[in-house]
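Structural characterization, general
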Amino acid sequence: MRFKELPTEAKRYILYHTLVSPVLITWHVLPFYLLITGYNVLEVGVIFTIAQLLGVPVTLTLGRIFTHIDLRKGLIAIDLMGSLSLVFYYLAYGPLAPLMVVLGELVDEASSTLYFLYPAYERIIYPENCMKEALAWHLRLPELSIIISYPIIGYILGYICTSAICFRNTFLFFSIYELMLIPYIYFYFKPVILESEEDEEHTLNLKSIWRRYGFYIIADILFILAWSLAPSLALVYFVFEWLKGNMFHVALIEAVISTATLTGTYIVDKISSRKAFQALQIGTLITITGLLLMVSTNFFPLVLLAFYVIRVGDTFVFVFKRTWLYSIMTKKEASMISATLSSIRKVISIISPFIAGALAYMDPRAPYIACLAFLASTIPVYYITSKNQ
């Protein structure tokens, strides 16, 4: 299906995500800014972890406000908080820099509690008869936006305007830019009220779920642990210290990752769902191969190839892990397991910046070596799970 054949509401929503995608580069600009202003990677990890810890009570008090309110207001709130967090990053200089970063991260953490509104809105505006095509365009256009915009922004910060004030002005620019998207949401998004649904998952027996799918849960926890040790901080420091690169190198890596995501989606379309488990294992092996190449060289073209391979493999894992999950259990069981893993992921994310920073402080490649080890350990666990079904 061509993009113009999608419903108007779907096209407007996808266009919004395409427009907002360049803002996400600030997730990499922030740690790079802190590194060039004199903070070491361990200190940056501590700052981010403090923000995560302080954000716990914030996330516990938000999230259900928009259950019976127009979803547009929730999406507007996300952009408002995103813009405010970037203002705090712009103000992060001098002795108050750590405080401003923590405040910005707290606001950003608060906005993340409303991210569930995105899939809720998509479920309503994407028609059932073309859901797959709508989701495909939802993925492709924002990734294309990243492929085009990131190298331009990275080149400016890497070669044209490289001082700390340029990085701060980047935060200010994107803060204003994100604010400018709010009228687009208000005037062009379909008004939608999200009705609460009856939660029936609690009727399932958690012990029986663990007895039947415990190895799957263990494997997924290992997967979560693996990638929690390789956040944007780890990537930025890997480029900064191991490759002796700048923001342009970071941007090129992210553009290559987006290119690999697009490639991966076309490949997985050709693979039968009946081969989900085998594809999951192959995807894990591809990812491990890319990680091995990445940590064994500082030749930038090979590093780009490594990240491309990693993302293709990770796309396999992302798609076929869900496909396999839904093939071996009921929807209620899958929903319960997904909710449990989401809670575990949240807990891990609180301390992962400090652990990643500490590992990177010892060696810029250490977070990815740890990631590789955890991913490798999932292979036998997934295999045991498949034999138990």
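Only a predicted model underlies this, so the values are computations on that prediction, with no experimental measurement involved.

**Description of the overall build of the protein**
Along the backbone of the protein there are 16 helices and zero strands. Burial status across the protein gives 52% buried among its 389 residues. A sequence separation of at least 24 residues applies to 86% of the contacts in the protein between residues at least 6 apart. Accessible area for the protein stands at about 18,400 Å²; split by element, carbon and sulfur atoms hold 67% of it.

**As for the state of the cysteines**
Inspection of every chain in the model, using the stated rule, returns one disulfide. One disulfide bridge connects Cys161 with Cys166, the sulfur atoms lying 1.5 Å from each other. Taking the sign of the torsion about the S-S bond as the criterion, the disulfide between Cys161 and Cys166, at about -55°, is left-handed. Accessibility expressed as a relative area gives 9% for Cys166, which makes it buried.

**As for the packing of helix α2 (residues 26–36) against helix α8 (residues 164–180)**
The interhelical angle for the contact between α2 and α8, taken along N-to-C directions, is 155°, at an axis separation of 10 Å. As the angle between them shows, α2 and α8 are arranged roughly antiparallel. Viewed along their axes, α2 and α8 form a crossing whose handedness is left-handed. Here α2 contributes Thr26, Val29, Leu30, Phe32, Tyr33 and Ile36 to the contact with α8, which in turn contributes Ala164, Phe167, Arg168, Phe171 and Phe174. Here the residues of the contact of α2 with α8 are counted per class, giving nine nonpolar, one polar and one charged.

**Some remarks on the confidence of the model for the protein**
When pLDDT is averaged along the protein, the result is 87, and 88% of the positions lie at 70 or above. Throughout residues 197–203 the model reports pLDDT below 50, and contacts reaching past four residues in sequence, or to other chains, amount to five contacts.

**Looking at the environment of Ile348**
Considering the arrangement of structural elements, one finds Ile348 in helix α15 (residues 331–362). The class of Ile348 is buried, set by a relative accessible area of 13%. Sequence spacing of Ile348 and Ile221 is 127 residues, and the spatial spacing of their C-alpha atoms is 9.5 Å. Discounting residues that sit within four places of it in the chain, Ile348 has contacts with Ile224, Leu225 and Ser228.

**Remarks on the nonpolar core**
With 114 residues, the main nonpolar core has Ile253, Phe307 and Tyr368 as its most contacted residues. For this core, the element with the highest residue contribution is helix α14 (residues 300–328), accounting for 10 residues.

**Let's talk about the environment of Arg311**
Within the element layout of this structure, Arg311 appears in helix α14. In this structure the side chain of Arg311 is engaged in a polar contact, spanning 3.0 Å, whose partner is the side chain of Thr261.

**Points about the pattern of salt bridges**
Counted according to the given criterion, the structure contains three salt bridges. Asp363 is the partner of Arg365 in a salt bridge, and the nearest nitrogen-oxygen pair spans 3.2 Å. Look at Arg365 and you get partly exposed, because its relative accessible area is 22%.

**With respect to the side chain of Thr26**
In this fold, Thr26 is placed in helix α2. Under the relative-accessibility criterion, Thr26 is labelled buried at 5%. Excluding residues within four positions of it along the chain, Thr26 makes contact with Leu86, Phe171 and Phe174.

**Description of the packing of aromatic side chains**
Going through the model one piece at a time under the given rule, you end up with 23 aromatic pairs. Considering the side-chain rings of Phe173 and Phe174, the 5.1 Å spacing of their centres and the 75° angle between planes classify their relative orientation as edge-to-face. Judged by its relative accessible area of 51%, Phe173 is exposed. Judged by relative accessible area, Phe174 falls into the buried class, the value being 4%.

Definitions and limits used
- Residues numbered from 1 in each chain as written.
- Predicted model: local features only at pLDDT ≥ 70, side-chain atom pairs only at ≥ 80, totals over all residues.
- Heavy atoms only, no water.
- Helix = DSSP H or I, 4+ residues; strand = E, 2+ residues; numbered from the N terminus.
- Buried < 20%, exposed > 50% of the residue type's maximum accessible area, 1.4 Å probe, protein only.
- Contact = heavy atoms within 4.5 Å.
- Areas by Shrake-Rupley, 256 points an atom, 1.4 Å probe, with all protein chains shown as cover.
- Disulfide = S-S within 2.5 Å.
- Axes fitted to C-alpha atoms, helices over the stretch in contact; angles between N-to-C directions.
- Parallel < 35°, antiparallel > 145°, perpendicular 65-115°, else oblique.
- Left-handed = near helix turned anticlockwise from the far one by under 90°.
- Nonpolar A, V, L, I, M, F, W, Y, C, P; charged D, E, K, R; others polar.
- pLDDT = per-residue confidence, 0-100.
- Core = buried A, V, L, I, M, F, W, Y, C linked by side-chain atoms within 4.5 Å.
- Polar contact = N/O pair within 3.5 Å; in protein donor to acceptor, adjacent residues only side chain to side chain.
- Salt bridge = Lys/Arg side-chain N within 4 Å of Asp/Glu carboxyl O.
- Phe/Tyr/Trp six-rings, centres within 6.5 Å; stacked < 30°, edge-to-face > 60°.

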